[in-house]
Amino acid sequence: MDRSSLLQLIQEQQLDPDNTGFIGADTFTGLVHSHELPLDPAKLDMLVALAQSNERGQVCYQELVDLVSVTISSKRSSSFKHAIANGQRALPRDGLLDEPGLGVYKRFVRYVAYEILPREVDRHWYFYRHRSCPPPVFMASVTLAQIVVFLCYGARLNKWVLQTYHPEYMRSPLVYHPGHRARAWRFLTYMFMHVGLEQLGFNALLQLMIGVPLEMVHGLLRISLLYLAGVLAGSLTVSITDMRAPVVGGSGGVYALCSAHLANVVMNWAGMRCPYKLLRMVLALVCMSSEVGRAVWLRFSPPLPASGPQPSFMAHLAGAVVGVSMGLTILRSYEERLRDQCGWWVVLLAYGTFLLFAIFWNIFAYDLLGAHIPPPP
């Protein structure tokens, strides 16, 4: 049944005899269900709940019937977003904030909705559709693994700060070292190693405070893809721009998450309702800049003779670029299919081109340029 057929059905059954454009919300829902229109019932219920009703409990069916010709899958189509965004009446801005009688976990879900999502319709959608299973296991697992690895190496080296100054540190099979470029796993596994307690604490805090809410809203697949893309881009960028330096730490992935979230907040500043957003934005930028400054200082500080060059800071910058490009595309496509977004394919093409260039660079450029890299430990 298409749009015109549904309108005709409403008129034939005299559900709107005065042609006001409104019918009862319950009547509209029952009509759609009884005629087996291709709409997900749960999403239809949410749509009706979000639609602006007047004081008589009626809904403007003219704004809703456009959806009946489109089968909506697990992700919302562009027609769904268009129908909601072009509604003539605004949604109430304080609906979720005034929701009474919520448990601790539901209050946390509400907090996440207001921290991450810029539009009220998306916040309602997430709040009522959220399920606690599966939990955000990716960021929690990565953070736990990083802490365990750090504790193991800290106990082994008896050093908890500036571990890279220890001559045994670079012998780890997890660290990216330019002399071990053929061991491809190191381009990713370096994220489990950290310079010291200060870098681990900074990364773990951001992964839990920003990464976990992002994973709750956007799902494991999207956030893990963004995080690992930042990590991989970080090591490959170092292999191109700082050819003698090793890399440790998960800062590439962390900066991909943080820069994507901050860029999304800036671009949707008026819609974001997280408290003290300006102050928190300034603090986040100061902390991220300080971490980059620390990494720059460490890179150019005098190394010990046996340790060689210190880890590069370029992974931070590469992660930020991935976040602003790929990450922003992901965060702006909440509950929409990425494959339907033209910008997503442009970002994937750019990232794939970068990967191919970096692979050929690592295979041929070091020998062609005669790069003098420190001997691998």
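Because the structure is predicted, anything quoted here is derived from the model rather than measured.

1. Examining the pattern of salt bridges
Part 1: Here the structure, examined in full by the defined rule, presents 6 salt bridges.
Part 2: In this structure, Glu291 and Arg294 form a salt bridge, with 2.9 Å as the shortest nitrogen-oxygen distance. Within this pair, Glu291 and its partner Arg294 are both found in helix α12 (residues 277–300), separated by 3 residues, close to a single helical turn. Of the two residues examined, Glu291 and Arg294, each falls in the buried class.
Part 3: Salt-bridge contacts for Asp340 lead to Arg337; the nearest nitrogen and oxygen are separated by 2.7 Å.
Part 4: Residues joined by salt bridges that share partners form a network here, namely Glu198, Glu291 and Arg294.

2. Some thoughts on the nonpolar core
Part 1: Among the nonpolar cores identified, the biggest contains 64 residues, and Tyr126, Leu226, Tyr227, Val322 and Met326 are the most heavily contacted of them.
Part 2: Not counting chain neighbours up to four residues away, the residues in contact with Val322 comprise Leu226, Ala229, Gly230, Ala233, Ala256, Gly327 and Tyr351.
Part 3: Listed in part, the 11 residues of the second largest apolar core include Val149, Tyr153, Met193 and Leu298.

3. Considerations on the packing of helix α9 (residues 197–218) against α12
Part 1: Where α9 meets α12, the axes come as close as 12 Å, and the angle between the chain directions of the two elements is 150 degrees. By the angle between their axes, α9 is roughly antiparallel relative to α12. Judged by the sense of rotation from one axis to the other, the crossing of α9 with α12 is left-handed. Where α9 approaches α12, its residues Glu198, Gln199 and Phe202 are matched on the opposing element by Cys287, Met288, Glu291 and Arg294.
Part 2: When grouped by side-chain class, the residues that make up the contact of α9 with α12 number 3 nonpolar, 1 polar and 3 charged.

4. Re the environment of Gly211
Part 1: Locating Gly211 in the fold gives a position in helix α9.
Part 2: Here the alpha-carbon distance between Gly211 and Pro136, two residues 75 residues apart in the chain, equals 9.0 Å.
Part 3: When sequence neighbours within four positions are dropped, the list of residues in contact with Gly211 reads Met139, Leu206, Ile223 and Leu257.

5. Some details on the side chain of Arg294
Part 1: Polar contacts involving the side chain of Arg294 include one to the side chain of Glu291, which spans 2.9 Å.
Part 2: Not counting residues up to four positions away in its chain, the partners in contact with Arg294 are Val195, Glu198 and Gln199.

6. What to know about the confidence of the model for the protein
Part 1: Averaged over every residue, the pLDDT of the protein is 79; the share at 70 or more is 71%.
Part 2: When mean pLDDT is compared element by element in the protein, helix α8 (residues 186–189) scores highest at 96, while helix α4 (residues 78–85) scores lowest at 46.
Part 3: Every residue in residues 50–54 is under pLDDT 50, and counting partners more than four places away or in other chains gives 14 contacts.
Part 4: Long-range and interchain partners of residues 76–94, a stretch whose pLDDT sits below 50, account for 42 contacts in this model, where long-range means more than four residues apart.

7. Considering α9
Part 1: Between its first and last C-alpha, α9 extends 30 Å over 22 residues, near the 32 Å set by a 1.5 Å rise per residue.
Part 2: The largest bend along α9 reaches roughly 35 degrees and is located at Gly211, with the proline Pro213 sitting one to four residues downstream.
Part 3: Across the 22 residues of α9, 16 count as buried, placing the element largely inside the fold.
Part 4: Immediately beyond the C-terminal end of α9, within one or two residues, lies Gly219, with a positive phi of roughly 95 degrees.

8. Some words on the UniProt feature "transmembrane region" (unreviewed entry) in the protein
Part 1: Taking the numbering used here, the UniProt-annotated feature "transmembrane region" (unreviewed entry) corresponds to residues 137–156, 187–208, 220–240, 252–271, 278–300, 312–331 and 343–364.
Part 2: The span residues 278–300 is 100% helical and 0% strand by assignment, and the distance between its end C-alpha atoms comes to 33 Å.
Part 3: Between the end C-alpha atoms of residues 343–364 there is a gap of 32 Å, over a span that is 100% helix and 0% strand.

9. A short note on helix α6 (residues 120–129)
Part 1: Across the 10 residues that make up α6, a large majority, 8, are buried.
Part 2: Residues Glu120, Val121, Asp122, Arg123, His124, Trp125, Tyr126 and Phe127 constitute the buried set of α6.

10. Here's the deal with the packing of aromatic side chains
Part 1: Enumeration over the complete set of coordinates arrives at 8 aromatic pairs.
Part 2: Taking 5.8 Å as the distance between ring centres and 40 degrees as the angle between the ring planes, the aromatic pair formed by Phe357 and Trp361 counts as tilted. With Phe357 and Trp361 both in helix α14 (residues 342–368), this residue pair falls 4 residues apart, about one helical turn.
Part 3: Taking 6.1 Å as the distance between ring centres and 15 degrees as the angle between the ring planes, the aromatic pair formed by Phe360 and Phe364 counts as stacked. Of this pair, Phe360 and Phe364 both sit in helix α14, 4 residues apart, which is roughly one turn of that helix.

11. Some remarks on the side chain of Ser251
Part 1: Position of Ser251 among the secondary structure elements: in helix α11 (residues 251–267).
Part 2: Judged by its relative accessible area of 2%, Ser251 is buried.
Part 3: A polar contact of 3.3 Å, which involves the side chain of Ser251, links it to the side chain of Gln199.
Part 4: Beyond its immediate stretch of four places on either side in the chain, Ser251 contacts Gln199, Asn203, Glu291 and His316.

12. Considering unusual backbone geometry
Part 1: The residue Asn158 is not glycine, and still its phi comes out positive at about 55 degrees.
Part 2: Note that Asn158 resides in the loop between α7 (137–157) and α8.
Part 3: What makes Asn158 exposed here is its relative accessible area of 66%.

13. Things to note about the packing of helix α5 (residues 104–116) against α6
Two numbers describe a pair of packed helices, the interaxial angle and the distance between the axes.
Part 1: Packing of α5 against α6 brings their axes to within 9 Å, and their N-to-C directions diverge by 150 degrees. As the angle between them shows, α5 and α6 are arranged roughly antiparallel. For α5 against α6, the interelement crossing comes out right-handed. In this structure, α5 uses Lys106, Val109, Arg110, Val112, Ala113 and Tyr114 to contact α6, whose residues at the interface are Glu120, Arg123, Tyr126 and Phe127.
Part 2: Here the contact of α5 with α6 is composed, by residue class, of 6 nonpolar, no polar and 4 charged.

Cut-offs applied
- Residues numbered from 1 in each chain as written.
- Predicted model: local features only at pLDDT ≥ 70, side-chain atom pairs only at ≥ 80, totals over all residues.
- Heavy atoms only, no water.
- Salt bridge = Lys/Arg side-chain N within 4 Å of Asp/Glu carboxyl O.
- Helix = DSSP H or I, 4+ residues; strand = E, 2+ residues; numbered from the N terminus.
- Buried < 20%, exposed > 50% of the residue type's maximum accessible area, 1.4 Å probe, protein only.
- Core = buried A, V, L, I, M, F, W, Y, C linked by side-chain atoms within 4.5 Å.
- Contact = heavy atoms within 4.5 Å.
- Axes fitted to C-alpha atoms, helices over the stretch in contact; angles between N-to-C directions.
- Parallel < 35°, antiparallel > 145°, perpendicular 65-115°, else oblique.
- Left-handed = near helix turned anticlockwise from the far one by under 90°.
- Nonpolar A, V, L, I, M, F, W, Y, C, P; charged D, E, K, R; others polar.
- Polar contact = N/O pair within 3.5 Å; in protein donor to acceptor, adjacent residues only side chain to side chain.
- pLDDT = per-residue confidence, 0-100.
- Expected span 1.5 Å × (residues − 1).
- Bend = angle between axes of the 7 residues up to and from the residue.
- UniProt positions renumbered as here; feature names shortened; annotations may be inferred.
- Phe/Tyr/Trp six-rings, centres within 6.5 Å; stacked < 30°, edge-to-face > 60°.

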